[in-house]
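Summary of the model geometry
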Amino acid sequence: MESIDILPVLWPLKGRIRPPGSKSLTNRALIIAALAQGPSHLTGVLDSVDTQVMIDSLGRLQIPVSVDIAQRTFHVNGQGGKIPSTGAELWCENSGTSIRFLTALCAAGSGRYRLDGNSRMRERPIAPLVAALASAGVKARCELENDCPPVQIETDGLPGGRIRVGGDLSSQYLSALLMAAPAASAGVTVEVTGELVSRPYVDMTLEMMRAFGANIHEPQTNHFEIAAQPYVGRTYDIEPDASAASYFFAAAAVTGGEVTVLGLHRNALQGDVKFVDALVRMGCEADWGDDSITLRGKPLHGIDIDMNEISDTAQTLACVAPFASGPTRIRNVAHMRLKETDRVSAVVTELQRVGLTVEEHQDGMTITPGPIRPAEIHTYDDHRMAMSFSLLGLKAPGIRILDPGCTAKTYPEYFTDLDALCRSAR
Ligand SMILES: O=C(O)C1=C[C@@H](OP(=O)(O)O)[C@@H](O)[C@H](O)C1
Ligand SMILES: C=C(OP(=O)(O)O)C(=O)O
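Residues numbered from 1 in each chain as written. Chains lettered and ligands numbered in written order. Predicted model: local features only at pLDDT ≥ 70, side-chain atom pairs only at ≥ 80, totals over all residues. Heavy atoms only, no water.

K23, S24, R28, T97, S170, S171, Q172, S198, Y201, D312, H335 and K339 make up every residue found near ligand 1. Here the shell around ligand 1 gets three residues from one element, more than from any other, and that element is helix α1 (residues 23-35). Looking at the shell around ligand 1, its residues break down into one nonpolar, seven polar and four charged. Here the shell around ligand 1 gathers at least three residues from each of two domains, domain 1 (3-20 + 239-423) and domain 2 (23-227). (Near = heavy atom within 4 Å. Helix = DSSP H or I, 4+ residues; strand = E, 2+ residues; numbered from the N terminus. Nonpolar A, V, L, I, M, F, W, Y, C, P; charged D, E, K, R; others polar. Domains from an automatic or database assignment.)

What follows covers the domain arrangement of the protein. A common measure of how large an interface is: the accessible area buried when the components associate. Domain boundaries assigned for the protein yield domain 1 (3-20 + 239-423) and domain 2 (23-227). Put simply, the middle of domain 1 and the middle of domain 2, counted by C-alpha atoms, are 29 Å apart. Of the residues lining the interface, 28 residues belong to domain 1; the matching set on domain 2 comes to 25 residues. Both faces considered, domain 1 and domain 2 share a buried interface measuring about 2000 Å² in area, 51% of it formed by carbon and sulfur atoms. Per-residue buried area on domain 1 facing domain 2 is highest for L269, L338 and K409; these three make up 31% of the total on that side. Counting across the interface, domain 1 meets domain 2 through one salt bridge. A salt bridge links D50 to K409, with the nearest nitrogen and oxygen atoms 2.8 Å apart. Linking domain 1 with domain 2 are 13 residue pairs in polar contact (both at pLDDT 80 or more), by the criterion used here. Taken together, the residues of the side of domain 1 that touches domain 2 sort by class into six nonpolar, nine polar and 13 charged. (Contact = heavy atoms within 4.5 Å. Buried area = accessible area lost by both parts, 1.4 Å probe. Salt bridge = Lys/Arg side-chain N within 4 Å of Asp/Glu carboxyl O. Polar contact = N/O pair within 3.5 Å; in protein donor to acceptor, adjacent residues only side chain to side chain.)

All right, on to the sheet that holds strand β15 (residues 258-262) then. Here four strands make up an open sheet; going across it, the order is β2-β15-β17-β16 and the pairing mixed. Each end of this open sheet is capped by a strand with a single partner; those strands are β2 (14-17) and β16 (285-288). Between one strand axis and the next, the sheet turns through 10° on average, direction left out of account. In this sheet, β15 lies alongside β2 in parallel orientation, the contact comprising four bridges. Counterpart to K14 in the pairing with β15 is E258. Against the sheet, helix α7 (residues 242-255) contacts β2, β15 and β17 (292-296), and its axis sits at roughly 165° relative to β15. (Pairing = 2+ DSSP bridges. Axes fitted to C-alpha atoms, helices over the stretch in contact; angles between N-to-C directions.)

Structure below.
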């Protein structure tokens, strides 16, 4: 198996970096632009497996997307709320946003569609979305009747009316329904039943829908009324990925350095910029600019933190925690167990592999700082395991990351960018 050895840096990391475009924003913009009236030009986009499978799937639905990688731009030929294809097989690898968002998009089409993914995707629940679509009158089912993909859709369009959806396993089911709603035959009311996780991603969805002209009201929390009217195509610039930025902020934190991430700010659409606040709570300092954020590492202390809203950065924080003066408790992230891997169990296992004392809880973990011994870090085909655990190697010798290529899901150039940042500090 391929691997990469992380070399400790001997002095504080200092530098500036602009991460690639946001995966979440890129895949939202592709879905919304596909449904829009007229063309859209998406700039600053992410080119990675998760966005490639989205583009390929739109092409199979006969919604052409032309890709200009040199200019980091996607050109989308919006279909005004129609899906030209009346039948398609879509392959989504392990992209949760792609399969969830495309399932709702297909429901707004006319014909029969099947959506599938890799072995891990076939373990990631999609039943709450399938049930919501079925309740709306779309023939939607999980093919193996195990709450997971493959999904089969048979539809002659998304009817208007009331749709209820569960939100305790993922916020993506709600985001998927919201984005498809303007293509319904009449106005749609979407209500969340029970708890909703990862709410900042829903805010991101609403913000982008409105940017493309959607008419949305939220008369009460988690109750949304959407008018049946097509989005309007436009030029839209994608922010750099705030989850990817977390690794560089954390690199400054663990080395006592100073890193500036370009293109992000306090009012960014992505809730994961709040990861900076978590590092500040651990003792770091931050400067929030109009178009950049600077993080200065200071002596770290442990914290007790609810990371439900920013769970994609929980693995990052778990790899900063070993360098604090006291224990860190990460809580309210049970839904992480349903992502690229069971992320709670994987993080606990790999931190224990390097000799740390870690207690696993149903909803998270408690990490006690201590010496870190050399080890080969298993990454479970999870890009965030590879990127997070590289941080240990910046301070501790002998950290080898197995299967570094798994970062291709959202950040193919991660290790190149990390190495460049380390070299710039020397
Ligand atoms: O809507 C989105 O773009 C995402 C929502 C989150 O998933 P959950 O809502 O399942 O937490 C996050 O983990 C994922 O990386 C992207
Ligand atoms: C969970 C993630 O993505 P997705 O749900 O889109 O596969 C992620 O990027 O950490």
